[in-house]
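What the coordinates show
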Amino acid sequence: MKRMEPSPPPVCPPCPTDITCKAMVAFGVNDLRECEVIVAPPRAGEVRVKIVCNALCHTDIYTLGGSDPEGLFPAILGHEATAIVESVGDGVRSVKVGDTIVPGYTPQCKEPDCIFCMSPKTNLCPRIRGTQGKGVMPDGTSRFTLKSDRSTIFHFMGCSTFSEYTVLAEISCAKINPSIPHEHACLFGCGIATGLGAVWNTAKVEPFSSVAVFGLGAVGLAVVQAAKAIGAHPIIGIDVNEKKFAIAKQLGCTDCVNPKDHDKPMQQVLIGMSPTGFGYDYTFDATGNTDVMRSALEAAHRGWGLMTIIGVAAAGKEISTRPFQFVTGRRCTGTAFGGWKTRDAIPMLVERTLKGEIKVEHFITHKFKGVAETTKALEALHSGDCLRAVVEY
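This section reports on the structure supplied with the text. (Residues numbered from 1 in each chain as written. Predicted model: local features only at pLDDT ≥ 70, side-chain atom pairs only at ≥ 80, totals over all residues. Heavy atoms only, no water.)

1. What about a nonpolar patch on the surface?
On the surface, a nonpolar cluster with roughly 290 Å² of combined accessible area is contributed by Ile115, Phe116 and Leu124. Topologically, Phe116 is positioned in helix α2 (residues 115–118). On the basis of relative accessibility, which here comes to 33%, the residue Phe116 falls in the partly exposed class. (Patch = residues over 30% accessible without salt bridge, like charges linked within 9 Å, V, L, I, M, F, W, Y side chains within 5 Å. Areas by Shrake-Rupley, 256 points an atom, 1.4 Å probe, with all protein chains shown as cover. Salt bridge = Lys/Arg side-chain N within 4 Å of Asp/Glu carboxyl O. Helix = DSSP H or I, 4+ residues; strand = E, 2+ residues; numbered from the N terminus. Buried < 20%, exposed > 50% of the residue type's maximum accessible area, 1.4 Å probe, protein only.)

See below:
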């Protein structure tokens, strides 16, 4: 009788291990250096991803420059990226190894007990907000250590994409169609999506409305593009950099104004230009400057004008205006990530882009390759000629 050989034990998939890779580490204000870091495996509910490309955002500069009240050092900055899932922790179901994702700094847990995710009024899911603001993962620890001395590095905005690999909470991963160019997809991680959503979700601009946009960087131009798409008219762009005026008009501005050309406060100039002589139906601040925010509010239409704050002001800054501005019908609101629910919205925006309904390629004005080129991308962003600088890894 032939002897039966025992069956070999089942082969288990290899357990994720530490990965050593390159990253740009911010050690302090304006102190950004390329270093080797160790990225730990994902824990329960977490996803480790390989970053494909980054688009630099002014929020990264804001934090690197010391203006962020939640800014922590040393940290790995970056939050506009496209990535490929490398490994997943226990319990992860919405993404798998090999999926293409866009990290979301505004998570979406989708849990039935989350009143924010269940409400159509907001996208501000607080599920991991407490730990994200402290620069750590939901369990209170970091997945980053500096290779040279094994010291801990903080996370940033729940993303930390200035690294060849990073670890995200599952609820911060928006799975997308992989056929979109990676450099286009990363734009939906923050700025462009925010500008579009400020118009379509937060302000809910109607056709034929008058619009004024303060700040014609990438976010402000996305506001212009969204307002044009909805049928707003006229659309006025305001910026001190006249180099932005040509593309602003291409995207939908009917006129552009440089505050430096006028002796009067900008709100007075704009009210005089407005179709009714009483201001604009919708105004948007995309500068983060509180003086500009006041101008945007006071340029809103008497009786019903709405001003939407998009730009993030520096720590300690406050807005001032006369209460009579509100008594006479002007309103003020703000938007985070354009009101989009991250894991639902980013895939949808990607699909609309693939269909040709949303154009984004004009936002990419500079391209770089390699982690170390991040410093050149930052210089480009400071130059005044850059809308989005994309760094390919």
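2. Digging into the packing of aromatic side chains
In total, this model carries one aromatic pair according to the counting rule given. Between Tyr105 and Phe337 the ring centres are 5.6 Å apart and the planes differ by 75°, which places this aromatic pair in the edge-to-face class. Note that Tyr105 is positioned in the loop between β5 (100–103) and α2 and Phe337 in the loop between β15 (331–334) and α11 (342–354), a separation of 232 residues in sequence. Among the residues examined, Phe337 registers a relative accessible area of 2% and is labelled buried. Directly above the ring of Phe27 sits Arg33, whose terminal nitrogen or CZ lies 4.0 Å from the centroid. (Phe/Tyr/Trp six-rings, centres within 6.5 Å; stacked < 30°, edge-to-face > 60°. Lys NZ or Arg CZ within 6 Å of the ring centre and 35° of its normal.)

3. Side note on helix α5 (residues 191–203)
Along its length, α5 shows its largest kink, about 45°, at Gly197. Taken across its 13 residues, α5 has 11 buried, putting it largely inside the fold. For α5, the complete set of buried residues consists of Gly191, Ile192, Ala193, Thr194, Gly195, Leu196, Gly197, Ala198, Val199, Trp200 and Ala203. In the core, the buried residues of α5 are packed alongside α6 (218–230), β13 (282–285), β14 (306–309), α11 and β17 (388–392). Trailing α5 by a residue or two, Lys204 shows a phi angle of about 55°, which is positive. (Bend = angle between axes of the 7 residues up to and from the residue. Contact = heavy atoms within 4.5 Å.)

4. Quick notes on the pairing of β5
Residue alternation in β5 divides its side chains into two sets, Thr100 and Val102 and Ile101 and Pro103, and both sets are buried. Bridge count between strand β4 (residues 81–88) and β5: two bridges; the pairing is antiparallel. Its bridge partner being in β5, Ala83 is matched across the sheet by Ile101. When β5 meets strand β9 (residues 173–175), the two strands line up antiparallel, connected through three bridges. Across the sheet, residue Ile101 finds its bridge partner in β9, namely Lys175. (Pairing = 2+ DSSP bridges.)

5. Quick word on the sheet that holds β14
Strands sit in the order β12-β11-β10-β13-β14-β15 across an open sheet of six strands; the sheet is parallel. Sheet topology places β12 (255–257) and β15 at the edges, where each strand pairs with a single neighbour. This sheet shows a mean twist of 20° between the axes of neighbouring strands, independent of strand direction. α6 contacts β10 (211–214), β11 (235–238) and β13 of the sheet and is inclined by roughly 165° relative to β10. Packed onto the sheet, helix α8 (residues 266–273) meets β10, β11 and β12 and runs at close to 160° relative to β11. (Axes fitted to C-alpha atoms, helices over the stretch in contact; angles between N-to-C directions.)

6. Things to note about the pattern of salt bridges
The tally for this structure, following the rule as stated, stands at 17 salt bridges. Residues Glu80 and Arg388 are paired through a salt bridge, measuring 2.9 Å at the closest nitrogen-oxygen approach. With Glu80 in the loop between α1 (58–64) and β4 and Arg388 in strand β17, the pair connects residues that are 308 residues apart, well separated along the chain. As far as the burial class goes, Glu80 and Arg388 line up, both buried. A salt bridge links Lys243 to Asp385; the shortest N-O distance between them is 3.2 Å. Within this pair, whereas Lys243 is found in the loop between β11 and α7 (245–251), its partner Asp385 is found in the loop between α12 (374–382) and β17, the two being separated by 142 residues in sequence. On the basis of relative accessibility, which here comes to 59%, the residue Lys243 falls in the exposed class. Here the residues in one salt-bridge network are Arg43, Glu46, Asp139 and Arg143, joined through shared partners.

7. Topic: α11
Compared with an ideal rise of 1.5 Å per residue, which puts 13 residues at 18 Å, α11 spans 18 Å between its outermost C-alpha atoms and is within 8% of the ideal. What α11 keeps buried is the set Thr342, Arg343, Ala345, Ile346, Pro347, Leu349, Val350 and Thr353. In the core, the buried residues of α11 are packed alongside β5, β9 and α5. Backbone geometry just downstream of α11 places Gly356 in the positive-phi region, at approximately 85°. (Expected span 1.5 Å × (residues − 1).)

8. Points about the side chain of Thr335
Considering the arrangement of structural elements, one finds Thr335 in the loop between β15 and α11. The exposure class assigned to Thr335 is buried, which follows from its relative accessible area of 14%. Within polar-contact distance, the side chain of Thr335 engages the backbone nitrogen of Gly338 at 3.4 Å. The residues contacting Thr335, other than those within four sequence positions of it, are Ala198, Thr202, Thr308, Ile309 and Ile310. (Polar contact = N/O pair within 3.5 Å; in protein donor to acceptor, adjacent residues only side chain to side chain.)

9. Brief notes about the environment of His262
Counting through the fold element by element, His262 comes out in the loop between β12 and α8. For His262, a relative accessible area of 32% puts it in the partly exposed group. In sequence terms His262 and Val223 are 39 residues apart; their C-alpha atoms lie 24 Å from each other. If near-sequence neighbours (up to four positions away) are discounted, His262 is found in contact with Val257 and Val269.

10. A few points about the packing of α5 against α6
The N-to-C vectors of α5 and α6 enclose an angle of 40°; their axes lie 7 Å apart at closest approach. Taken as axis vectors, α5 and α6 run oblique relative to one another. Seen along the crossing, α5 lies across α6 with a hand that is right-handed. For the pair formed by α5 and α6, the contact residues are Gly191, Ile192, Gly195, Leu196, Val199 and Trp200 on the first element and Ala218, Val219, Ala222, Val223, Ala226, Ala227, Ala229 and Ile230 on the second. (Parallel < 35°, antiparallel > 145°, perpendicular 65-115°, else oblique. Left-handed = near helix turned anticlockwise from the far one by under 90°.)

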